[in-house]
Amino acid sequence: MKDLSPSDLKRNQPVIKHIAHPAKDGINHQSVKAHLLEVGKLSGNFAKKINQQKAGELIGLLHDFGKYSQAFQVYIKSAAGLIDSGDQEYVDAKALKGKVDHSTAGGQYLNDQLLSVFQRQYSEFATIEAELAFIMIQTLAQSIVSHHSGLIDSLPEQQGKCFGERITKSDKDTHLSECVEQVDSEVLEKVKKLIAPELIKEMVEPLIKLMQSQQNDFDISDLSKYFYLGLHSKFMFSCLIDADRISSADFELPENALLRTTNKPDWELVCHRIEKFVESLSVRNPIDEIRKKISNNCKKRADDPQGIFSLTVPTGGGKTYSSLRYAVQHAKKHQLDRIIYIIPYTSIIDQNAQAIREVIETEDDNDSWIFEHHSNIEPEQQTWRSKLVSENWDAPIVLTTMVQFLETLFSGGTRGIRRLHQLANSVLVFDEIQTLPINCTHLFCNSINFLNAHCNTTAVLCTATQPLLNQLKHPEKGQLQLLTENELMPNVVELFQDLKRVEVLDNTKAEGWSLDEITQLALEELEVKQSCLIIVNTKKWAQELYVSITGFEAVNNSKVFHLSTSQCPAHRKKLLNEIRGRLDQGLPTLCISTALIEAGVDVDFNSVIRFVAGLDSIAQAAGRCNRNGRLDTAKVMVINPDQEHIDLLVDIKQGINSTKRIFNEFKGQDLLKPEIMKQYFEYYFFERAKEMDYPLTDKKVGKGDSILNLLSVNALNRYKNASPLKLQQSFMTAGKAFKAIDAPTKSLIVPFQEGQNLITELCLASKQFDAKNYFELVKKAQKYSVNLFPYIWQKLEEQNAIIELKNEQGEGDGVFYLNERFYSDEFGVDTEVCASQQYLGC
């Protein structure tokens, strides 16, 4: 029998009238019908977590309703080469990219149909129920029309289209009438079956329960109420976006579907493994005995009902294993989907992930239990490729950063928000919660309250320095619903006394310490104590101290290390492993680091020098000193450099001011006692209360406002009182203004060791695109990425040191890498050529 040519195969294939996504082979295209049915099912399953399965399925079925139009089909077929350029129907697909509206029609259809059903039932609803019904209808329609841009503003703002404009767009532009005629009968039947009289009441019921429980138990303000309703809208949008991206990715790479988590994790198995690990731990000293008591108490409290909890344990008290034991036992008890560890810095993701893997994973496991999300290498403006490879936290245990967590909740676009629904049915463990950005305080508190009350989520706030998130100056803006009895440790004051291993000394002086004086102090401590850690506030000081200290012959028999976020995670991991090895062997070791080493990094130095900072930072620095109690006592010396440019580092500057006040008022006392730390946070939070709602300037949004206001009552919008819309949030404006850290950073891959090979492979994979290979490479590259501030990025760009990955057409992928001449073995990313590996001044 004669083999069929590709053109013969094309002719023999059944013609797909309405294509959603064209296939690479030009034959097996994904039909609009198949895509809508699949996205509907996935979105419904995701929304089921908050009792909105039918609503979730409905937006999935209608999100690409506009693809039934002739205008879209001509566009997509021209782009895929299915219409010849000489054909009369052919259009220039590149010129039309993003201009053929296929997202509005589904929103309009849903809005019209649901409003019609609701109007017939209006008299059956109480006032609050009617308001929530209008909000739910708007939520669903707004999710559909926004699914390519990111959730759009409800009311007009200075930039971009608002919901009112989109939902009233003309039929000529949205092709709604044509799509109603062309839609596949199976899709339309499912939609009509869902839009039944009982749907409105079913959608409203969960929101009624949320509002009533919050009002009765906590007497929440209107601001928090509308923030919750806005977050509920974002949750529904998240369900749709993730479902759409999964369907697209699985069409491109069918084997992906086999890797997805479909069943609940076997928490019984994990509990067995962690209990076996705990039993194997020997008690070598009094500190180990205390750690054991902490761990046992966490296991005991895991049987508690779900809620918001604090775990206040001194540094070195074994929070990682204790919180893991609590989380897995709690997940088993309440049959939850996942555990998410939220960590302040990428520097300790590797460490914590390795610690957890050693406890719960074995070589016989088919899949890893743990996913590490270090940074966002994929571009903010998503391309078809990046949609295929971006992560959605679909794993039993996820380790990520506070930046990623906050971006998931509050950023604009579609990249981060697809993960939001994964926060439901979960245990969220916040490590070092005191590092929460101050301007996100009310946003964070309202969000955790919502997740706990509405999404079956438990939150645990771990730290030695517990901030007063449940005692804020402006509770009407939202404070944490953390009850006193929800502290997991029975006697925190006694615990801190039992674990006291260091003394904090205020060695600041009026004139400050010079570079030479600090160098001499460090060398003296190294000579006497054999190991010393110096923690500074800026990268500039870290580099200058490193150069100054390594210039002395006295350190020839010692090893001096430099750590900062200019080094990629793999680089820092290598250095930290070497540091730990030397400390364990008692070899002379001196390390100069920025604050990244404070948050949970497991090192044990005999002496610590800390540049003056917030008292919480000083306490964390103390946790790196005499950590395992090998000395009877040790000293943490707090000093103030004579010159330090921190005017733009507001958190550090305000923290120093509050610390100085504590130093003056509590001279001669144990500065790490919980009651003194509480006083510090009262001073610090009082001074910064006005910053806690994420204030915005005229320059950012055209008026003085705050993200908290934009995402809740939107009181300053001039159209607020004139609009009939009940949901009035400016989602897109808030999303564009939001950054988890004050100065926005961009990520790039650096050529450190294996990173160089990954860059080479990614360049090849980008030109010969293979979704599976590209996905694996981008995932690996997270450990070889560095986040850069704009001024550093610009300096490197001016020297052509930053290169963008290009596809086969020469178009940029939005993924960047660094020229190898600008990466130093000592300091990481450098703005000058550093092939000599010497200090050249970043």
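Rules used throughout
- Residues numbered from 1 in each chain as written.
- Predicted model: local features only at pLDDT ≥ 70, side-chain atom pairs only at ≥ 80, totals over all residues.
- Heavy atoms only, no water.
- Helix = DSSP H or I, 4+ residues; strand = E, 2+ residues; numbered from the N terminus.
- Rg over C-alpha atoms; globule rule 2.2 N^0.38 Å.
- Buried < 20%, exposed > 50% of the residue type's maximum accessible area, 1.4 Å probe, protein only.
- Contact = heavy atoms within 4.5 Å.
- Areas by Shrake-Rupley, 256 points an atom, 1.4 Å probe, with all protein chains shown as cover.
- Axes fitted to C-alpha atoms, helices over the stretch in contact; angles between N-to-C directions.
- Parallel < 35°, antiparallel > 145°, perpendicular 65-115°, else oblique.
- Left-handed = near helix turned anticlockwise from the far one by under 90°.
- Nonpolar A, V, L, I, M, F, W, Y, C, P; charged D, E, K, R; others polar.
- Expected span 1.5 Å × (residues − 1).
- Arc of directions from axis to C-beta.
- Core = buried A, V, L, I, M, F, W, Y, C linked by side-chain atoms within 4.5 Å.
- Phe/Tyr/Trp six-rings, centres within 6.5 Å; stacked < 30°, edge-to-face > 60°.
- Lys NZ or Arg CZ within 6 Å of the ring centre and 35° of its normal.
- Polar contact = N/O pair within 3.5 Å; in protein donor to acceptor, adjacent residues only side chain to side chain.
- Pairing = 2+ DSSP bridges.
- pLDDT = per-residue confidence, 0-100.

Engineer: Is there a simple way to explain the overall build of the protein chain in this structure?
Structural biologist: For the protein chain, the count of helices and strands is 34 helices and 22 strands. Against the compact-globule benchmark of 28 Å for 842 residues, the protein chain has a radius of gyration of 28 Å, which places it among compact chains. By principal-axis analysis of the C-alpha atoms, the protein chain measures approximately 85 × 65 × 55 Å. The buried share of the protein chain, reckoned over its 842 residues, is 59%. Looking at the protein chain alone, contacts between residues at least 24 apart form 76% of all its contacts between residues at least 6 apart. Taken as a whole, the protein chain presents about 35300 Å² of accessible surface, with 48% of it coming from carbon and sulfur.

Engineer: Where do I start with the packing of helix α3 (residues 53-62) against helix α11 (residues 185-194) in this structure?
Structural biologist: Helix-helix packing is described using two parameters, namely the angle between the two axes and the distance between the axes. Between α3 and α11, the least distance of the axes is 10 Å, while the angle of their chain directions is 150°. With respect to α11, the element α3 is oriented roughly antiparallel. Here α3 and α11 pass one another in a crossing that is left-handed. Contacts from Lys54, Glu57, Leu58, Leu61 and Leu62 in α3 reach Val187, Lys190, Val191 and Leu194 in α11. For the contact of α3 with α11, the class distribution of residues is six nonpolar, no polar and three charged.

Engineer: Can you walk me through helix α23 (residues 515-529) in this structure?
Structural biologist: Residues three or four positions apart in an α-helix share a direction because the helix packs 3.6 residues into each turn. With 15 residues, α23 extends 21 Å from end C-alpha to end C-alpha; this agrees with the ideal 21 Å at 1.5 Å per step. Burial in α23 covers these residues: Ile518, Thr519, Leu521, Ala522, Leu523, Glu525 and Leu526. In this fold, the buried residues of α23 make contact with β10 (531-535), α24 (539-550), β12 (589-593), β13 (607-611) and β14 (634-639). Looking one or two places after α23, you find Gln530, whose phi comes out positive at around 75°.

Engineer: Help me out: how do you make sense of the environment of Asn800 in this one?
Structural biologist: Tracing the backbone through its elements, the reader meets Asn800 in the loop between α34 (790-798) and β19 (802-806). Overall, Asn800 belongs to the exposed group, its relative accessible area being 61%. With 18 residues separating them along the chain, Asn800 and Leu818 place their C-alpha atoms 9.2 Å apart.

Engineer: Where do I start with α34 in this structure?
Structural biologist: Ile792, Trp793 and Leu796 are the residues of α34 that are buried. Each buried residue of α34 lies within a common arc of 100° when the element is viewed along its axis, so the set occupies one face. Of the exposed residues in α34, the ones pointing more than 90 degrees away from its buried face are Tyr791 and Glu798. In the core, the buried residues of α34 are packed alongside β17 (746-749), β18 (785-788), β19, β20 (812-818) and β22 (828-829). At the C-terminal side of α34, Asn800 shows a positive phi close to 55°.

Engineer: I tried to follow the nonpolar core on my own but got confused; where do I start?
Structural biologist: Burial of nonpolar side chains together is a common tendency in soluble globular proteins. The biggest cluster of nonpolar side chains holds 206 residues, and the ones touching the most others in it are Phe405, Phe430 and Phe444. A per-element tally of this core places helix α13 (residues 222-252) first, with 14 residues. Ignoring sequence-local partners within four residues, the contact set of Phe405 consists of Ile342, Trp393, Leu423, Leu428, Phe430, Phe444 and Ile448.

Engineer: Help me understand the packing of helix α2 (residues 32-47) against α11, please; the structure alone is not making it clear to me.
Structural biologist: Taken N-terminus to C-terminus, the directions of α2 and α11 make an angle of 30°; their axes are 9 Å apart at the nearest point. Taken as axis vectors, α2 and α11 run roughly parallel relative to one another. For the crossing formed where α2 meets α11, the hand is left-handed. Side by side, α2 and α11 meet where Lys33, Leu36 and Leu37 of the first sit next to Glu186, Val187 and Lys190 of the second. For the contact of α2 with α11, the residue count by class is three nonpolar, no polar and three charged.

Engineer: Before we go on, may I ask you to explain the pairing of strand β7 (residues 426-431) in this structure?
Structural biologist: Side-chain positions along a regular strand alternate between the two faces of the sheet. In terms of residue burial, β7 counts as a mostly covered element, since six of its six residues are buried. Side-chain alternation along β7 places Ser426, Leu428 and Phe430 on one buried face and Val427, Val429 and Asp431 on a second face that is also buried.

Engineer: Looking at this structure, I do not really get the packing of aromatic side chains. What am I missing?
Structural biologist: When we look at a pair of aromatic rings, we describe it by the centre distance and by the angle of the planes. Within the structure shown, the criterion is met by 24 aromatic pairs. Consider the rings of Tyr684 and Phe685, whose centres lie 6.1 Å apart with planes at 40°: the pair is tilted. Comparing Tyr684 with Phe685 shows no difference in burial state: the two are buried. One cation-aromatic arrangement involves Lys473 over Phe686; the distance from NZ or CZ to the ring centre is 4.1 Å.

Engineer: Please explain the side chain of Ser78 as it appears in this structure.
Structural biologist: Looking at where Ser78 falls in the secondary structure, it is placed in helix α4 (residues 70-79). At 3.2 Å, the side chain of Ser78 forms a polar contact with the backbone nitrogen of Val91. Beyond its immediate sequence surroundings of up to four residues, Ser78 is in contact with Ile83, Tyr90, Val91 and Ala93.

Engineer: What is the right way to read the sheet that holds strand β5 (residues 370-372) from this model?
Structural biologist: Pairing between sheet strands relies on hydrogen bonds along the backbone, with the strands arranged either parallel or antiparallel. Strand order in the open sheet formed by six strands is β3-β8-β7-β4-β6-β5, and the pairing between neighbours is parallel. Every other strand in the sheet has two partners, leaving β3 (308-312) and β5 as the edge strands with one partner each. Recorded for the sheet is a direction-independent mean angle of 20° between the axes of neighbouring strands. Relative to strand β6 (residues 397-401), strand β4 (residues 338-343) runs parallel, the two being bridged by five bridges. Considered in β6, the bridge of Tyr341 is made with Leu399.

Engineer: Help me out: how do you make sense of the side chain of Glu525 in this one?
Structural biologist: Considering the arrangement of structural elements, one finds Glu525 in helix α23. Ignoring any residue separated from it by four or fewer positions in sequence, one finds Glu525 in contact with Gln530, Cys532, Ser607, Ile609 and Met637.

Engineer: What's the story with the confidence of the model for the protein chain in this structure? I'm lost.
Structural biologist: Detailed reading of the predicted model is not advised wherever pLDDT is low. Looking at the protein chain as a whole, the pLDDT averages 89, with 93% of positions reaching at least 70. The element-level mean pLDDT for the protein chain is lowest in helix α19 (residues 384-389), coming to 44, with α3 highest at 98. Note that pLDDT drops below 50 for residues 384-389; the model gives that stretch 23 contacts with residues more than four away or on any other chain. Contacts for the low-pLDDT stretch residues 836-842, under 50 throughout, to residues beyond four places or in other chains number 22 contacts.

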